[in-house]
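Tertiary structure, described
Below, each chain spelled out in residue letters.
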Amino acid sequence: MPALTFRTLTLGYERHPAVHHLDGSVAEGELLAVVGPNGAGKSTLLKGIVGALRPLDGVIERGGVKARDIAYLPQIAEIDRSFPIAVYDMVAMGLWRRAGLFGAIAGTDRARIKAAMSAVGLAGFENRTIGTLSGGQMQRTLFARLLLQDARLILLDEPFTAIDARTAADLLALIKRWHGERRTILAVLHDLETVRAHFPTTLLLAREPVAWGPTPQVLTPDNLLRARHITEAWDDEAGVCERAA
Ligand SMILES: Nc1ncnc2c1ncn2[C@@H]1O[C@H](COP(=O)(O)OP(=O)(O)OP(=O)(O)O)[C@@H](O)[C@H]1O
């Protein structure tokens, strides 16, 4: 069974579609890059998969995975860093699904939290509040939380934005480890070199799918140009789909 199937999926805001006519499926264990120009609907697609946005039309089948069993890394800009929470507690939130919001954190859990923090190079940061972290340290914190979540489906929205090369390499190594464990991973990325080097399959989105398949066949100059033209020509005030389905 595929991890995800989209059937004539349309997602949008207040009836303005941002993703259109998406059909296809993501196999279990796939490592898929989602690329496209600004405003192409990439974040919108992840929000739809995680269940934060209801389809305007069509369906998303999640292959038996419940929305709360999906690990989701939002764009770092969407996280309120002024919230006075310590790094340790932020990472521990990865266990909430198991422990419940007010569930006791057992000794073994404490060891797992520490191990996750070490794995992303954050040992010693336990008591720092998230507002005092650099962008890269915050991204590492979020990855540590994902490690604890132990999800089969992992959605990453621009995980390498605003981080240095070493942090990016560390986080990429984590993604590869998850891929080796046959987890299904979708990552929204802008750096096409990273995609070409590390992501076997790619979905090129420009409000509608432009190409979807093996990365070398998707990231051609023709397809990239077409994606840019489609996005630039898009009328944001357009109503519900006028194109014949
Ligand atoms: N909460 C919202 N309300 C209304 N419109 C929105 C909302 N979020 C996004 N949009 C619009 O939906 C379209 C797709 O946005 P989305 O964030 O999915 O694009 P993206 O491909 O992730 O872009 P980027 O590369 O810039 O992050 C854009 O036109 C955007 O302005």
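Rules behind the numbers
- Positions within a chain are numbered from 1, following the residues in the order the chain's sequence is written.
- A pLDDT threshold of at least 70 governs which residues receive local features in this predicted model, and a stricter bar of 80 or more applies before side-chain atom pairs are shown or counted, although totals over entire chains, interfaces and linings include all residues.
- UniProt positions are given in the numbering used here, feature names are shortened, and annotations may be inferred rather than shown by experiment.
- Neighbour counting defines burial: a residue surrounded by 20 or more other C-beta atoms within 10 Å of its own C-beta is buried, one with 12 or fewer is exposed, and intermediate counts give partly exposed, using backbone-placed C-beta atoms.
- Under the DSSP-based scheme used, a helix requires at least four consecutive residues in state H or I and a strand at least two consecutive residues in state E, with every element numbered from the N terminus.
- Any two strands with at least two DSSP-identified bridges between them are counted as paired.
- Crossovers are marked right-handed if the path from the first strand over the helix to the second runs clockwise, as seen with the strands pointing away from the viewer.
- Whenever a helix is involved, its axis is fitted only over the stretch in contact; in every case the axis is a line through C-alpha atoms, and angles between N-to-C directions fall within 0 to 180 degrees.
- Geometric relationships in this document are graded by angle, where less than 35 degrees denotes roughly parallel, more than 145 denotes roughly antiparallel, 65 to 115 denotes roughly perpendicular, and other angles denote oblique.
- Note: crossing handedness is left-handed where the near helix turns anticlockwise from the far helix by less than a right angle, and right-handed where it turns clockwise.
- Each residue is represented by a C-beta atom placed from its backbone, and any two residues with such atoms within 7 Å are regarded as in contact.
- The classification used treats Ala, Val, Leu, Ile, Met, Phe, Trp, Tyr, Cys and Pro as nonpolar, Asp, Glu, Lys and Arg as charged, and all other residues, Gly among them, as polar.
- All domain edges in this entry derive from an automatic or database-based domain assignment.
- For each residue, a C-beta atom is placed from the backbone, and the residue is labelled near a molecule or strand when this atom is within 6 Å of it.
- By definition, a nonpolar core groups buried Ala, Val, Leu, Ile, Met, Phe, Trp, Tyr and Cys residues that are joined through C-beta atoms within 7 Å.

The chain carries the name ABC transporter ATP-binding protein in an unreviewed UniProt entry, which gives Blastochloris sulfoviridis as its organism. Turning to the chain, the UniProt annotation filed under Sequence similarities (unreviewed entry) states: "Belongs to the ABC transporter superfamily."

The buried count for strand β6 (residues 153–157) comes to five of five residues, which makes it a mostly enclosed element. Two elements, strand β5 (residues 70–73) and β6, share four bridges in a ladder whose sense is parallel. Bridging from a neighbouring strand, Ile-70 pairs with Leu-153 of β6. For β6 and strand β7 (residues 184–188), the ladder comprises five bridges, and the chain directions are parallel. Paired with Asp-157 across the two strands is Val-188, which belongs to β7. Traced from β6 through helix α6 (residues 165–180) to β7, the parallel crossover comes out right-handed.

Quick look at the packing of helix α4 (residues 107–119) against helix α5 (residues 135–149) now. Packing of α4 against α5 brings their axes to within 9 Å, and their N-to-C directions diverge by 135 degrees. One element, α4, and the other, α5, form an angle in the oblique class. Our pair here, α4 against α5, has a crossing hand that is right-handed. The residues of α5 that touch α4, namely those facing Arg-112, Ile-113, Ala-116, Met-117 and Ala-119, are Ala-144, Leu-147 and Leu-148. Split by residue class, the contact of α4 with α5 holds seven nonpolar, no polar and one charged.

The next subject is the domain arrangement of the chain. Examined at the domain level, the chain breaks down into domain 1 (1–69 + 154–244) and domain 2 (81–150). For domain 1 and domain 2, the distance between their C-alpha centres works out to 27 Å. Contact residues are listed per partner, giving 10 residues for domain 1 and nine residues for domain 2. Of the residues forming the side of domain 1 that touches domain 2, the biggest block, four residues, is contributed by α6. The class makeup of the residues in the side of domain 1 that touches domain 2 is six nonpolar, one polar and three charged.

Moving on, we get to the site of the ligand. Close contacts around the ligand come from 11 residues, with Tyr-13, Asn-38, Lys-42, Ser-43 and Thr-44 the closest. Tallying contributions element by element places helix α1 (residues 42–50) first for the shell around the ligand, with three residues. Each residue belonging to the shell around the ligand can be placed in one class, and the counts come to three nonpolar, six polar and two charged.

Looking now at the nonpolar core. Considering soluble globular proteins, one finds that nonpolar side chains tend to be buried as a cluster. Formed by 68 residues in total, the largest nonpolar core has its most connected members in Leu-32, Val-34, Val-91, Ala-144, Ile-154, Leu-155 and Ile-185. Here this core spans two domains, and each of domain 1 (1–69 + 154–244) and domain 2 (81–150) adds at least three residues to it. If we skip the residues at most four places from it in the chain, Leu-32 touches Val-26, Ile-185, Leu-186, Phe-199, Thr-201, Thr-202 and Leu-203.

Turning to α1, a few remarks are in order. Burial within α1 is extensive, with seven of its nine residues counted as buried. Regarding α1, the residues found buried are Lys-42, Thr-44, Leu-45, Leu-46, Lys-47, Gly-48 and Ile-49.

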